[in-house]
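# Reading the structure
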Amino acid sequence: QVQLVESGGGLVQPGGSLRLSCAASGSIFGFYVMGWYRQVPGKQRELVALIESGGNTNYADSVKGRFTISRDSGENAVSLQMNSLTPEDTAVYYCNADIQSVARTRENYWGQGTQVTVSS
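Let me begin by describing the structure that accompanies this report. (Residues numbered from 1 in each chain as written. Predicted model: local features only at pLDDT ≥ 70, side-chain atom pairs only at ≥ 80, totals over all residues. Heavy atoms only, no water.)

What follows concerns the overall build of the protein. On a plain count of helices and strands, the protein comes out with zero helices and eleven strands. Shown N-terminal to C-terminal, the secondary structure of the protein runs as helices and strands in the order β-β-β-β-β-β-β-β-β-β-β. Taken over C-alpha atoms, the radius of gyration comes to 14 Å for the protein, in line with the 14 Å a tight globule of 120 residues would show. Put simply, the protein has 120 residues, and 40% of those count as buried. Contacts spanning at least 24 positions in sequence make up 56% of the contacts within the protein whose residues lie at least 6 apart. Only carbon and sulfur atoms are counted for the fraction: they give 46% of the accessible area of the protein, which is about 6,200 Å². Of the side chains in the protein, 9 bear a positive and 10 a negative charge, and the two mean positions are spaced by 2 Å. (Helix = DSSP H or I, 4+ residues; strand = E, 2+ residues; numbered from the N terminus. Rg over C-alpha atoms; globule rule 2.2 N^0.38 Å. Buried < 20%, exposed > 50% of the residue type's maximum accessible area, 1.4 Å probe, protein only. Contact = heavy atoms within 4.5 Å. Areas by Shrake-Rupley, 256 points an atom, 1.4 Å probe, with all protein chains shown as cover. Lys, Arg positive; Asp, Glu negative; His and termini not counted. Charge placed at Lys NZ, Arg CZ, Asp CG, Glu CD.)

What follows is the structure, encoded as structure tokens:
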């Protein structure tokens, strides 16, 4: 089993910054992809950013140039640096990990979510 624990959410004023972190633990042999998604009430969960095992990244158009995803492979963690935040970034942010387990099976896991609120 794998656990993803997110941290770093909170309340920030427009134009401010937050850094989200996600630490993975458990029966992990390696990672295929790690990413961040977000969801607001009444809408589907949407991709924010992801990073592949080789380091390739992909961002939603709405966050390009403002958000940066990074991985700390030594600690099985992924971070999302969010700058120039706007009220439209308000959402629950979820960490996602597509991993290879120690049993060499491909598995997908979600974190519990962390609230980000951008408001003055």
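Bringing the pairing of strand 3 (residues 18-26) into the picture now. With six bridges connecting them, strand 1 (residues 2-7) and strand 3 associate as antiparallel partners. Looking across to strand 3, one finds that Glu-6 is bridged to Cys-22. As judged from the six bridges shared by strand 3 and strand 8 (residues 77-82), these two strands associate in the antiparallel manner. Within the sheet, the bridge partner assigned to Leu-18 lies in strand 8 and is Met-82. (Pairing = 2+ DSSP bridges.)

A word on the state of the cysteines. Should the sulfur atoms of two cysteines be covalently bonded, the bond is a disulfide. Across all of its chains, the model carries one disulfide by this definition. Each disulfide pairs two cysteine sulfurs, and for Cys-22 the partner residue is Cys-95, the sulfurs being separated by 2.1 Å. A torsion of -80° about the S-S bond marks the disulfide between Cys-22 and Cys-95 as left-handed. With Cys-22 in strand 3 and Cys-95 in strand 9 (residues 91-101), this residue pair connects regions lying 73 residues apart in the sequence. Residue class for Cys-95 comes out buried when judged on its relative accessible area of 0%. (Disulfide = S-S within 2.5 Å.)

A complete count under the given rule lists two aromatic pairs for this structure. Each ring, one from Tyr-37 and one from Trp-110, has its centre 5.0 Å from the other, and the planes form 65°; the classification is edge-to-face. Residue Tyr-37 is located in strand 4 (residues 28-39), and its partner Trp-110 is located in strand 10 (residues 106-110); the two are separated by 73 residues in the primary sequence. Residue classification places Tyr-37 among the partly exposed positions, given a relative accessible area of 21%. Relative to Trp-110, the ring of Tyr-94 lies with its centre 6.5 Å away and its plane at 85°, an arrangement referred to as edge-to-face. Of this pair, Tyr-94 sits in strand 9 while Trp-110 is found in strand 10, placing the two residues 16 residues apart along the sequence. (Phe/Tyr/Trp six-rings, centres within 6.5 Å; stacked < 30°, edge-to-face > 60°.)

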